[in-house]
Amino acid sequence: MTREGLRQEIHREPFMPLRLHLSSEKVMDIYDPTTAWLQDNALLVVHRLRPHAQDAGGYDVIAYRLIERIEQLNGSGGKLKKPPRRRS
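Residues numbered from 1 in each chain as written. Predicted model: local features only at pLDDT ≥ 70, side-chain atom pairs only at ≥ 80, totals over all residues. Heavy atoms only, no water.

**Q** Can you explain the pairing of strand β4 (residues 42-48)? Please cite residues and give values.
**A** Of the strand pairs in this sheet, strand β3 (residues 36-38) and β4 are connected by three bridges, and their pairing is antiparallel. For W37, the partnering residue across the bridge sits in β4 and is L44. Across seven bridges, β4 lies against strand β5 (residues 56-63) in antiparallel orientation. By the bridge assignment, A42 is partnered in β5 with A63. (Pairing = 2+ DSSP bridges. Helix = DSSP H or I, 4+ residues; strand = E, 2+ residues; numbered from the N terminus.)

Here it is as structure tokens:
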């Protein structure tokens, strides 16, 4: 994935929630464009403690080269799909 490709998705108007599929087979959901920051070679994703809160509960730094594809989460009818359950 390129920085420019991610920039286009994150700054899309109106914003559509995204699911990043990583080469590790993990997924990372972005529900708010203000939680994703483009760096030179990586994407910084901040995790909020509560929706719309200013407090951060942590963050991930994901190298662009590790992002295999992007999926838009708004499906038919505009409903947001629930993220898959993670197995331990």
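More follows now that the structure is in view.
**Q** How would you sum up the nonpolar core? Please name residues and give values.
**A** Ranked by internal contacts, the top residues of the largest apolar core, which has 15 residues, are L6, L20, I30, L43 and I62. Looking at this core, the elements with two or more residues in it are α1 (3-10), β1 (18-22), β2 (27-30), β3 and β4. Here this core takes three residues from β1, the largest share from any one element. For L6, the residues in contact, after removing those within four places along its chain, are M1, L20, L38, L43, Y64, I67 and I70. (Core = buried A, V, L, I, M, F, W, Y, C linked by side-chain atoms within 4.5 Å. Buried < 20%, exposed > 50% of the residue type's maximum accessible area, 1.4 Å probe, protein only. Contact = heavy atoms within 4.5 Å.)

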